[in-house]
Amino acid sequence: MSDIQIAQENEAHEIKPITAIAEQIGLETAELEQYGPYKAKVNFKAIQRLNQQADGQLVLVTSINPTPAGEGKSTVTVGLGDALRQLDKSAVIALREPSLGPVMGMKGGATGGGYAQVVPMEDINLHFTGDMHALTSAVNTLAALIDNHIQQGNVLNIDPRRIIWKRALDINDRALRQVVIGLGGPVQGMPRQDGFDITVASELMAILCLATDITDLKARISRIVIGYNFDRQPVTVADLKVTGAIAMLLKDALKPNLVQTLEHTPALVHGGPFANIAHGCNSILATQTALKLGDIAITEAGFGADLGAEKFLDIKVPQLGKTPDAIVIVATIRALKYNGGVALTDLTTENLGALETGFSNLAKHIANMQRYGVPVVVAVNEFTSDTEAEINLLQELCEQKGVKAVETSVWANGGQGGLALAHEVLAALDQPKDFQPLYDAQADIKTKLNTIVTEIYGGREVVFEGKAINQLKQIEKNGWGQLPVCIAKTQYSLSDNPKALGAPTDFTVHVRELIPKLGAGFIVAMTGAVLTMPGLPKKPAALNMDVTADGQISGLF
Ligand code: ADP
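All values reported here derive from a predicted model rather than from experimental measurement.

Undergrad: Help me out: how do you make sense of the packing of aromatic side chains in this one?
TA: A complete count under the given rule lists one aromatic pair for this structure. Measuring from centroid to centroid gives 6.0 Å for Y372 and F435, while their planes differ by 25 degrees, and the two rings are stacked. Of this pair, Y372 sits in the loop between α15 (352-371) and β18 (376-381) while F435 sits in the loop between α18 (419-430) and α19 (445-457), and the two are 63 residues apart along the sequence. What makes Y372 buried here is its relative accessible area of 0%. Across the ring face of Y372, the terminal group of R371 is positioned such that the distance to the ring centre comes to 5.7 Å. One cation-aromatic arrangement involves K489 over Y457; the distance from NZ or CZ to the ring centre is 4.7 Å.

In structure tokens form, the structure reads like this:
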């Protein structure tokens, strides 16, 4: 059965009203804003009340570098939450919300899979509670206000050639990467070159995920640098005097969304920046709410531990004010064989040699996560093609690195398939930890980038290309030289070359552009060929989607 069939079958019989899910974690109906019977936003009154409570423990789920299919992080995150609940632990899940880009493109849905899913999966994957739409509207409202400002006399002296605020759309649309706007004569606006990012790459998405309340949201929005004036001085949203309008559009999107798993474990699904082109973590408000509502909060960070987890630990943790108590690295035998050089079409054949070669990728991620001083557990997300010899070999290899590799079959068996993992995670939570940040917060941008490239990616050094050299000077001149860095890089490799699998060494990472995101509070470094507006593949997932006359959806995976 497909993910959507399993979800639909269970939803029809089992799904509980969201008020019942809220009640089991001590949330009152008055603290919810309901979107139909099965979805709700948690209101700010509840968040304020919860702020007085102590935090639970935090588990971060991450993974090896993925194969093109995605390796089951969300699935394992959901299954681990269900398994902990089966062991009578008060576990609350905090996930990112899906973007239509991957849903229509390569991957399909992003609500977990098999018997480890959050529901209602169709709603969550499509329009959900409208957060993505609100963000897209807010991004484009700001763009319209910038162009209108120029059209109406340009009091701020904005240089139309130096506007860095782009428009956004929540779908992969490569035709919009670079566009010319304002054609058609003086009444149609000032012609200029513009472009679109996918909504999840926009600074407003990062801001939504980092803001702690509406006041903080407004402060961050006011600091956004939209571009430069003819004197090369930064122009901000505060200068444009539209902070209030943009914040207003996001006031509801800022509230975390509460849903449930197929086994009724509470899940906060909120905020969804991609980890390859953005900071890759769900919202601080959702993670914080999960920490307050549960004894154990389980959250995930996107793509491999080189991307999402690094950004979680170096960007999100300082703002969250809570370090993880355990890290789970999800690996699959087929992804490790892919990293060992096996073609996508041959991943179902036993291949111990390739598994051992590809293990280098997992080994690097284990060492990287151990470096932060947090106990690590490896979750082997079981596929039917895995052989006993492969599983034994992987467990042995992990043992040599000092970590337990636990088989999980949550995709096939739900929480029951994650009990062994849950026991291991509970043991990890009891271990002592001593969180060590990767870099000194005061270090300059080049030092921070070099630290990530050498220590996390395993490369030799970072190299700045022409445009980035000038941008670095400008950034330092503007006094932003001590901000954290958010690297935009391919997810498929530890390096900036998607074809370099396993654990490459002695490579350089090429930074071609630096983009200041003052509202988010970091500098984005664009590396390799990664783009902030993806394209659709030759055979998009959209080709298999349909809806019947009575509204039944199919093909969302
Ligand atoms: P990630 O979070 O790493 O991107 P997901 O959890 O979203 O990955 O899973 C990606 C896809 O793989 C989903 O369609 C899911 O149903 C499928 N999947 C995950 N684990 C398994 C498994 N053990 N067996 C079969 N399919 C799986």
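Now that the structure has been shown, the text picks up again.
Undergrad: How should I be thinking about the sheet that holds strand β7 (residues 158-163) in this particular structure?
TA: Strands in a sheet are paired, the pairing made by backbone hydrogen bonds, and the direction either parallel or antiparallel. Reading across the sheet, the three strands line up as β7-β12-β13 and stay open at both edges, with antiparallel pairing between neighbours. The open sheet has two free edges, formed respectively by β7 and β13 (234-236), since each of these has just one partner strand. Within this sheet the neighbouring strands show an average axis-to-axis angle of 50 degrees, counted without direction. The pairing of strand β12 (residues 225-229) with β13 spans three bridges and is antiparallel. Within the sheet, the bridge partner assigned to Y228 lies in β13 and is P234.

Undergrad: Where do I start with the nonpolar core in this structure?
TA: One broad trend across soluble globular proteins is that nonpolar side chains are buried collectively. By size, the foremost hydrophobic cluster in this structure holds 139 residues, and its most contacted members are L27, W165, L204, I221, I226, L362 and L449. The element that contributes the greatest number of residues to this core is helix α7 (residues 131-151), accounting for nine residues. Contact partners of I226, with chain neighbours within four places excluded, come to L142, I146, I158, I163, I164, W165, V235, T236, V237 and L240. Formed by 33 residues, the second largest nonpolar core is a distinct cluster that contains V78, V410, L419 and A422.

Undergrad: Hey, could you run me through helix α13 (residues 305-320) in this one?
TA: Taking 1.5 Å as the rise per residue, α13 with 16 residues should run 22 Å; its terminal C-alpha atoms sit only 19 Å apart, a clear shortfall. Among the 16 residues in α13, 14 count as buried, and that is most of the element. Immediately downstream of α13, the backbone of G321 shows phi near 75 degrees, a positive value.

Undergrad: How do you make sense of the sheet that holds strand β20 (residues 461-464) when you look at a structure like this?
TA: Pairing within the open sheet is mixed, and its four strands lie in the order β20-β22-β23-β21. Across the chains shown, the open sheet's two edge strands, defined by having one partner strand only, are β20 and β21 (485-488). On average, each strand axis in the sheet is inclined to that of its neighbour by 40 degrees, with strand direction left out of account. Bridge count between β20 and strand β22 (residues 508-517): four bridges; the pairing is parallel. Bridged to E461 within β22 is T508. Packed on one face of the sheet, α19 meets β20, β21, β22 and β23 (522-527) and runs near 135 degrees to β20.

Undergrad: What's the story with the side chain of D314 in this structure? I'm lost.
TA: Within the secondary structure layout, D314 lies in helix α13. Of the side chains with opposite charge, R371 comes closest to the buried, unpaired D314, at an N-O distance of 7.0 Å. Side-chain polar atoms of D314 contact the side chain of Y372, separated by 3.0 Å. Excluding anything up to four places from it in sequence, D314 contacts Y372, L438 and Y439.

Conventions adopted
- Residues numbered from 1 in each chain as written.
- Predicted model: local features only at pLDDT ≥ 70, side-chain atom pairs only at ≥ 80, totals over all residues.
- Heavy atoms only, no water.
- Phe/Tyr/Trp six-rings, centres within 6.5 Å; stacked < 30°, edge-to-face > 60°.
- Helix = DSSP H or I, 4+ residues; strand = E, 2+ residues; numbered from the N terminus.
- Buried < 20%, exposed > 50% of the residue type's maximum accessible area, 1.4 Å probe, protein only.
- Lys NZ or Arg CZ within 6 Å of the ring centre and 35° of its normal.
- Pairing = 2+ DSSP bridges.
- Axes fitted to C-alpha atoms, helices over the stretch in contact; angles between N-to-C directions.
- Core = buried A, V, L, I, M, F, W, Y, C linked by side-chain atoms within 4.5 Å.
- Contact = heavy atoms within 4.5 Å.
- Expected span 1.5 Å × (residues − 1).
- Lys, Arg positive; Asp, Glu negative; His and termini not counted.
- Salt bridge = Lys/Arg side-chain N within 4 Å of Asp/Glu carboxyl O.
- Polar contact = N/O pair within 3.5 Å; in protein donor to acceptor, adjacent residues only side chain to side chain.

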